[in-house]
Protein chains: 2
Amino acid sequence: MSENLHLAPLARRWSTLARLNHDDREAILTLPFRREVFAKDAYLLREGQQPAESALLLSGFAYRQKLLRDGGRQIINFLLPNEFVDLQAAVLGTADHNVQSLNRSEVAIIPRSALLELADARPNLRTAMWADKLIDSAIVREWVVNVGRRDSRARIAHLLCEIAVRLRNAGTNGDMFDFPITQEQLADATGLTPVHTNRTLQALRRDELIQLTSGSLKILNWKALREAADFDELYLHQS
Amino acid sequence: MSENLHLAPLARRWSTLARLNHDDREAILTLPFRREVFAKDAYLLREGQQPAESALLLSGFAYRQKLLRDGGRQIINFLLPNEFVDLQAAVLGTADHNVQSLNRSEVAIIPRSALLELADARPNLRTAMWADKLIDSAIVREWVVNVGRRDSRARIAHLLCEIAVRLRNAGTNGDMFDFPITQEQLADATGLTPVHTNRTLQALRRDELIQLTSGSLKILNWKALREAADFDELYLHQS
DNA sequence: CGTTAATTTGAGACCATTCAATTTCGGTGG
DNA sequence: CCACCGAAATTGAATGGTCTCAAATTAACG
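Residues numbered from 1 in each chain as written. Chains lettered and ligands numbered in written order. Predicted model: local features only at pLDDT ≥ 70, side-chain atom pairs only at ≥ 80, totals over all residues. Heavy atoms only, no water.

1. Some points on the nonpolar core
1) Next: Residues Trp14 and Phe78 of chain A together with Trp14 and Phe78 of chain B are the most contacted members of the largest nonpolar core, which totals 142 residues.
2) Next: With residues up to four places along the chain from it excluded, the contact list for Trp14 of chain A reads Leu20, Ile28, Phe84, Leu87, Leu125, Ala128, Met129 and Asp132 of chain A. (Core = buried A, V, L, I, M, F, W, Y, C linked by side-chain atoms within 4.5 Å. Buried < 20%, exposed > 50% of the residue type's maximum accessible area, 1.4 Å probe, protein only. Contact = heavy atoms within 4.5 Å.)

What follows is the structure in structure tokens.
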């Protein structure tokens, strides 16, 4: 069997989204792909592009983003390892936003046709893909609420809660973890300025809710952070 | 054939999203459903609910919404006629947001099982549903950009552009149309206060970009409105 | 150990909010 | 047809959260 363990984490994740049998898992593991490495800020996908292949993030972070005429940038969602960059491209064709690598990342490039065949042949995987996309949508919906209605403190606290829980759901330690997101990126994700993001982070540190130093985030007081963020993880559809 | 023309507009809309043959269209038209009427502000779906049926908006508007602990409300998207309230519920089970009727609306309640069978049996309809959901996601992504990075004038202008174009794509006149959205709802959709929404609308009227009176919106200067909004309709995936 | 990126600090300006009151609109009943 | 009512829209003035524009400091990296 010419299996490749790079896709094993994806199989594991999709198993939590739909009931997969042995053949389903096998079909994932034998998907054809090639690996590619992207540097910090490199584009994985550009608005207007019509990719013939889909990209699966193997390691590192990435983010969906749109640029404004005036040069402003709004980050729309973060992508964690084993999430798809453009599962949607197969149907809509043209990309309507950009995806950039957040730090150095590793990606599996999979022919679109292989994924389409998978979806056609395997109802369970179809369900998993559907659930995958729906959760992604639910997260973006919560982001509208976050940037639309919460003040800077709650907004940043909420984003940190979300990332922590998503990492925990993915099997990483959610209380202390690598946090390669710069304050400028955090600002672009929350709709704030870098300056104000900085002051807000300082406040969260002063109040001993978090500890954030040299690319590592530690959550010191979960209860208070959730409280400050008005965070309810129902929308992540995991627990 | 016990067809019911209430579902014909849905068949027409889905035809623009995927290649549907005669049988596909027939399958849509013969879906079982019952009609229901909802008053202004009535809930079509509540967070935490696990509906056994899906609701399709036949006439009137609705909106997706989330409430905050402090009583604030953020509108996440508007639903136009012939859009589904909860096509996602079938997979995720629990609703993560609320849907309210914007004005008096009419809804087709369809058993979830019927939709699942449709998707299982008909690849083309599956594709249409997938595209449907993906466009919905794209709209919500643009909303993150809207509330995150645009000032009040651009924000409201953008929302008006989007609604006009979505209505035009649905076959309605996009230059002048019924606009039952109150300023309070507009405020909740843009993350602004009703007071500031009012002042911003007045500015758009003063500059003769729009005419908004007694539930009717007329776009007087498309070029200037698009300009003010930084509006690019690519994300609606229609033209 | 030099160089660039990232974070931090300060002060003033501004966009949007808050709070409260008033006016207009749409629908209803006398 | 007019009087009434609640909802929606409008106005004013003061407050405040976030932004802007620099400049300084610290961290990351080859």
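2. Side note on the sheet that holds strand β10 (residues 216-219) of chain A
All names here are of chain A.
1) Next: Spatial ordering of the open sheet is given by β8-β10-β9, a layout of 3 strands whose pairing is antiparallel. Among the strands making up the open sheet, the edge pair consists of β8 (176-178) and β9 (210-213). Taking the axes of each pair of neighbouring strands and ignoring which way they run, one obtains an average angle of 15 degrees across the sheet. (Pairing = 2+ DSSP bridges. Helix = DSSP H or I, 4+ residues; strand = E, 2+ residues; numbered from the N terminus. Axes fitted to C-alpha atoms, helices over the stretch in contact; angles between N-to-C directions.)

3. Regarding the pairing of β10 of chain A
All names here are of chain A.
1) Next: Two elements, β8 and β10, share 3 bridges in a ladder whose sense is antiparallel. Bridge pairing links Met176 to Lys218 in β10.
2) Next: Relative to β10, β9 is paired through 4 bridges, and the arrangement is antiparallel. Bridge pairing in β10 places Ile210 opposite Ile219.
3) Next: The antiparallel pairing of β9 with β10 creates a hairpin that spans 2 residues between the two strands, and Ser214 there sits at a positive phi of about 40 degrees.

4. Thoughts on the protein's contact with DNA strand D
1) Next: Around DNA strand D, the structure places 17 residues, and the nearest of them are Thr193 of chain A together with Gln183, Asn198, Arg199 and Gln202 of chain B.
2) Next: Expressed as a percentage, the sugar and phosphate content of the atoms of DNA strand D within 4 Å of the protein is 73%.
3) Next: Note that a phosphate oxygen of DNA strand D is positioned 3.0 Å from one of the backbone N or O atoms of Ser152 of chain A.
4) Next: A distance of 2.4 Å is found between a phosphate oxygen of DNA strand D and a side-chain nitrogen or oxygen belonging to Gln202 of chain B.
5) Next: Looking at which element gives the most residues to the surface near DNA strand D, the answer is helix α8 (residues 194-206) of chain B, with 5 residues. (Near = heavy atom within 4 Å. Polar contact = N/O pair within 3.5 Å; in protein donor to acceptor, adjacent residues only side chain to side chain.)

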